[in-house]
Amino acid sequence: MHPGRSRGRNYEAELQKFRPEPFLVEFGEYHPLKPIMVTDTKTRRGARKGSTSSSSSSSSVPTDPLSSMLDGTDPLSMFAAASASEAPRIKRDKEEDPLGPDFEPWSSKRGEILARFTTTEKLSINLFMGSDKGKAPSPGSAVSEKVRTRLEELDDLEEGSQRELLNLSQQDYANRIEELNQSLKEAWAADQKVKALKIVIQCAKLLSDTSVIQFYPSKFVLITDILDTFGRLVYERIWTMCSDPRPLPDGFTVDDVNDTAKETCLNWFFKIASIRELLPRLYVEAAILKCNRFLSKTGIQEILPRLTAMIRGIGDPLVAAYARAYLCRVGMEVAPQLKDNLNRNFFDLLGTFRQISGENVQNQLVLQRVEVPEYLTLYSPAINWILQCIAYRAPESLLTEMMERCKTLGNNALLLNSVMRAFRPEFVAARATDFIAMIKDCDEAGFPKHLLFGSLGRSLACADPPESERLTILNEAWKVVTKVRSPQDYINCAEIWVEFTCRHFTKREVNTILADIIKHMTPDRAFEDAYPQLQSAIRKILLYFHNFSVLFSIERFLPFLDMFQKDSVRVEVCRSITDVFLKNQVEPTRDPVILNAMLHICKTMHDSVNALTLEDEKRSLALLIIGFIRMVSFGRDFEQQLSFCVEARATFCNLEPVLVQLIHTVNQLAMETRKVMKGNHSRKTAAFVRACAAYSFITIPSLSNIFSRLNLYLLSGQVALANQCLSQADAFLKAAVSILPEVPRSISVEGKFRSSENFLLDFINNFLATLLVVPDHPEHGVLYLVRGLLNMVQDYTWEDNSDAKVRVYTSALPLLAAMSQETYLYSIPKMDSNETLYGGDPKFLSEINKLCETLIGQILDHLKALSKDESIRRQGALAFSLFGVVLAHGDLRNNKLSQLSVNLWNLSHKHGYCETRMSVRTLECIKHQAQQHDMTHLTDVVQRLALQSRT
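Just so you know, these numbers come straight off a predicted model, no measurement behind them.

## Section: the overall build of the protein
And step 1. If you tally the helices and strands in the protein, you get 44 helices and six strands.
And step 2. Restricting the contact set of the protein to residue pairs at least 6 apart, pairs at least 24 apart contribute 74%.
And step 3. Carbon together with sulfur atoms contributes 51% to the accessible area of the protein, which is approximately 48,800 Å² in total.

This is the structure in structure tokens:
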């Protein structure tokens, strides 16, 4: 626009004029959250025409969703009401099930046992599945015939054909057992109950086989899964029979069970009682123990002692121990209050320990080449479970009794270990010194003492022993731990005691522990087989040491980290350290101990990045490193802060987000310098700001993301302008203009390719806004940056059928109009813009005029080219946009400009695509402006602007 056509602006007066006036609002009874009451009047359909007494109903209805909660009809209120109605039933269920969430279920131990007790020996499965010659009795048969038929089926079961699977690997064995479990379910679903029972009996028989004794605990887990399935199927079957005509209540009694269900239940117990061999009869009856609820109130209480006594007939102590464990497991599920039976099983188990040193067991161990310590560990899952059941919510006096029994048995190490793991940690911690004395008296050959100290350490990690005993406990424990020769056994125990040390002692003791671990794990690179334990030790240290100045001053901490040689593990450890640092380091730091250590840790994460690293992993690592950089502050020592950024740039050069953060940090540093100096720039301060600019200018070209470079060039240029560094600002802005041709037509955003056009337009608009305060370079001519930008826009390869170039031209017109004003809309303190340099020079205004005419001509030519049907909507939008610019910035007293505005309005409304609401509001705004004394000429313009509809 010609300067003569650009209206003069008094920005301060305009601001005051259009500032909204405050006014008092009287709400009365109105409140935005108050329910809106609507009166709904309905006329009865059958009312006579003209009747004055038509029936109507007036009801106040809350129509907003928030008000519905006031009458309790919202979903949350309804849920609360339902929960209240369910409360009595839930309370009743809890009363019937004394086992609380603090009782660790068997299912949580299953995976650990299967993973721990493995073998490479070949396994076998012997199955006597019998024939299917038995026929189901007819419904009219007598009871005696039914019994005789069942006995014949069981005889057939005992005497049937043999199927033997040999040379099975551990995985094959597990697969075969799972196939049997599926076969059981299929037989049950097909109503082949006898076949299902056969499968269960033959699986239970497998528990008598100890030919591969190391695998026995895992075998027990696999086979008892089948027994559990069978027990559940029988119970659900009988429950279903009781559910006609209505289901049993949760707390049902024998009186609620019908006769048919009782007979069926009794038949199952008769079938099981007919099994000849002790072990399968014992296990299968235990599996359906819960079904006694259908027969008798005291049945379970009577049967448990009988089954316990039956186990005494099992000759192999290991087989007997696991049979007791299964009986205790079932007993805890159906009658956890019967503690006497648990105690009886445990005391019977203690009586079998003397069999371990007997000839039969010793010969078996020699035959299978199993050492006694390894054999004793096979008992651990069974003993631990039995003791867990006994110790559950038991009084502290019971622990004292158990300790006395251990002493009576000569401090049996296996038993002592289970006692420490079963009872509450608080009870064990209070007697830690007594347990240490008992451990010392244990036989080292039978059960290694470091395992005992490991169990003690687990308890002490959860509960605190008396303060006066803590150092003695640590010294006594570490005397044993440090003498363990096997690196794997050593680290398994040592990592447990790391937590006790961190919990109660200082960095001195922790440093001693770490040094000892390094000493044991470094020879022969033993640490390579102990990464999980070493990681656990790191986690425990980080749990208690949140003061990183103290943590990193531990002399052996960083050497401890050096043991993590595997890349993935080392990076994971560094990530965990950095994550804890960011969560707990509240204040920025300049502590050299912290900075050096964290730089080392972050460098380790950075150096792990390669061409195969996923983008998500890069992003995650970059966020951690950025978090660390943000926590570094040297206060007003700006030069030291810049030096740190220089070092960080060299260290983290492969992570682009980190470099972007460093550039932002340096720019912020330059602005902080300006604030501190309050604009009084000394020579030293100016040199520092130029150094910051140089840092950014050198770093930005290394970024691969084109928009990161563009935005950072612009930001750095703005910072340089704010600090009166004109040559540096000029360099940044010229660099930004020079790389515009490199912008691709599409870019990847969150993994998807999108057009870059909108991103580029946003950048150019920001760039244009900055150019208002940039003074022209004396050697480059008038408006050289504006011309350079527009030339780049002219030459850029835009998308086909794109209006982006014209939108840029339209955006440039307000800038040029602002540049022609005597006083600019905004400026930078203590820096002269073109308003001061040119002072309204006619030559300067003439250059602006020529450039405006050129841009308007380009826009009008483009509008003419959009006259085809498929382009008229775009034509209208562009014309309306240009009309807004002319209206806001042009002097419409000029006839040509006034006529141009009218033509643009008509063009934008020619085909009816312009939004009517926007057009109406625009006309209202023009009419409002026309009422001002210096804008009366708009009255004539607004009379020539008409709304047109699409025809």
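That was the structure; now back to the text.
## Topic: the pattern of salt bridges
And step 1. Inspection of every chain in the model, using the stated rule, returns 34 salt bridges.
And step 2. One salt bridge in this structure joins Arg176 and Glu179, with 3.6 Å as the shortest N-O distance. With Arg176 and Glu179 both in helix α5 (residues 170-189) and three residues apart, this pair spans about one turn of that helix.
And step 3. Judged by relative accessible area, Glu179 falls into the partly exposed class, the value being 42%.
And step 4. Here Arg570 and Asp567 are joined by a salt bridge, their closest N and O atoms 2.7 Å apart. Of this pair, Arg570 and Asp567 both sit in helix α28 (residues 567-584), three residues apart, which is roughly one turn of that helix.
And step 5. It is possible to trace a salt-bridge network through shared partners that takes in Asp228, Arg329 and Glu333.

## Focus on the confidence of the model for the protein
Caution applies to low-pLDDT parts of the model: their predicted coordinates are not meant to be read in detail.
And step 1. When pLDDT is averaged along the protein, the result is 84, and 85% of the positions lie at 70 or above.
And step 2. Confidence drops under a pLDDT of 50 for residues 38-63, and excluding neighbours within four residues, the segment shows 24 contacts in the predicted structure.
And step 3. Taken as a whole, residues 65-70 scores under 50 in pLDDT and shows eight contacts with residues more than four places along the chain or in a different chain.

## Here's the deal with the nonpolar core
And step 1. Judged by nonpolar contacts, the single largest core of 305 residues is most densely connected at Leu456, Trp497 and Ile517.
And step 2. Excluding anything up to four places from it in sequence, Ile517 contacts Tyr490, Ile491, Ala494, Val498, Leu534, Phe560 and Met563.

## What to know about helix α20 (residues 432-440)
And step 1. What α20 keeps buried is the set Ala432, Phe435, Ile436, Met438 and Ile439. In a view along the axis of α20, the buried residues occupy a sector of 165°, so they form one face of it.
And step 2. Lining the buried residues of α20 we find α17 (396-408), α18 (413-422), α19 (425-430), α21 (449-462) and α22 (470-481).

## What about the environment of Asn723?
And step 1. As for its position among the elements, Asn723 is in the loop between α34 (706-722) and α35 (726-738).
And step 2. Distance from Asn723 to Met831, taken between C-alpha atoms, is 8.9 Å for residues 108 residues apart in sequence.
And step 3. Separated by 2.8 Å, the side chain of Asn723 and the backbone oxygen of Val719 make a polar contact.

## Quick word on the packing of aromatic side chains
And step 1. All told, the structure shown has 40 aromatic pairs when counted by the stated rule.
And step 2. Measuring from centroid to centroid gives 6.4 Å for Tyr713 and Phe732, while their planes differ by 50°, and the two rings are tilted. Of the two residues, Tyr713 is situated in helix α34 and Phe732 in helix α35; the sequence distance between them amounts to 19 residues. Grouping residues by exposure puts Tyr713 and Phe732 together as buried.
And step 3. An aromatic cluster of three or more residues is present, and its members are Phe103, Trp106, Tyr216, Phe220, Tyr283, Tyr322, Tyr326, Trp385 and Tyr392.
And step 4. Lys271 extends its terminal NZ or CZ atom over the ring of Trp268, reaching a point 4.5 Å from the ring centre.
And step 5. The side chain of Lys290 reaches across the aromatic face of Tyr235, ending 4.5 Å from its centre.

## Digging into helix α38 (residues 804-819)
And step 1. Over its 16 residues, α38 runs 23 Å from end to end, which matches the ideal 22 Å to within 8%, given 1.5 Å per residue.
And step 2. Summarising burial for α38: 12 of the 16 residues are buried, a large majority.
And step 3. Residues Ala804, Val806, Val808, Tyr809, Thr810, Ala812, Leu813, Leu815, Leu816, Ala817, Ala818 and Met819 constitute the buried set of α38.
And step 4. For α38, the secondary structure elements touched by its buried residues are α1 (11-17), α36 (757-771), α37 (784-795), α40 (842-865) and α41 (872-889).

## Considering the pairing of strand β5 (residues 746-749)
And step 1. As defined by bridge partners, β5 adjoins strand β6 (residues 752-755) across four bridges and the pair is classed as antiparallel. In the strand pairing of β6, Ser748 is matched with Phe753.

## Re the packing of α41 against helix α43 (residues 916-930)
And step 1. Between α41 and α43, whose axes approach to 13 Å, the crossing angle comes to 15°. Classified by the interaxial angle, the pair formed by α41 and α43 is roughly parallel. Note that α41 runs across α43; the crossing there is left-handed. Note on element contacts: α43 touches α41 through Met918, Ser919, Thr922 and Ile926, opposite Phe880, Phe883 and Leu887.
And step 2. When its residues are assigned to classes, the contact of α41 with α43 shows five nonpolar, two polar and no charged.

Each value, and the rule that gives it
The residue count restarts for each chain, going from 1 along the sequence in the order it is written. Reporting of local features is limited, given that this is a predicted model, to residues whose pLDDT is at least 70; pairs of side-chain atoms are given and counted only at 80 or more, and all residues count toward the totals for whole chains, interfaces and linings. The basis for the side-chain values is all heavy atoms of the structure; hydrogens and waters are excluded. Comment: elements are numbered from the N terminus, with helices defined as DSSP H or I runs of at least four residues and strands as E runs of at least two. Here, two residues are considered to be in contact whenever any of their heavy atoms come within 4.5 Å of each other. Where accessible areas are quoted, they stem from the Shrake-Rupley method and a 1.4 Å probe; at the residue level, only the protein chains shown are allowed to cover. Every case where a carboxyl oxygen of Asp or Glu lies within 4 Å of a side-chain nitrogen of Lys or Arg is listed as a salt bridge. The classification of residues rests on relative accessible area computed with a 1.4 Å probe and restricted to protein chains. Under 20% of the type maximum is buried, over 50% is exposed, and intermediate values are partly exposed. Scored from 0 to 100, pLDDT reflects the predictor's confidence in each residue. Within this scheme, the nonpolar core is defined by two criteria: the residues are buried Ala, Val, Leu, Ile, Met, Phe, Trp, Tyr or Cys, and they are joined through side-chain atoms within 4.5 Å. Relevant arc is that of directions from the helix axis to the C-beta atoms, nothing else. Side-chain atoms alone can form a polar contact between residues adjacent in sequence; in general such a contact is a pair of N or O atoms within 3.5 Å, and within protein one must be able to donate a hydrogen while the other accepts it. Here a Phe, Tyr or Trp ring, Trp counted by its six-membered ring, pairs with any other such ring whose centre lies within 6.5 Å, and the pair is stacked when the planes are under 30 degrees apart, edge-to-face when over 60, and tilted otherwise. Over a ring means this: the NZ of a Lys or the CZ of an Arg is within 6 Å of the ring centre and within 35 degrees of the ring normal. Helices are assigned an expected span. That span is 1.5 Å times one less than the residue count. Two strands form a pair only when DSSP identifies at least two bridges running between them. Here an angle of 0 to 180 degrees is reported between the N-to-C directions of two axes, which are lines fitted to C-alpha atoms, with helices fitted over the stretch in contact. To sort the angles, those under 35 degrees are grouped as roughly parallel, those over 145 as roughly antiparallel, those from 65 to 115 as roughly perpendicular, and the leftovers as oblique. The sense of a crossing depends on the near helix, which, turned anticlockwise from the far helix by less than a right angle, makes the crossing left-handed and, turned clockwise, makes it right-handed. Residue polarity is assigned by list, with Asp, Glu, Lys and Arg as charged and Ala, Val, Leu, Ile, Met, Phe, Trp, Tyr, Cys and Pro as nonpolar; anything else, Gly included, falls into the polar class.

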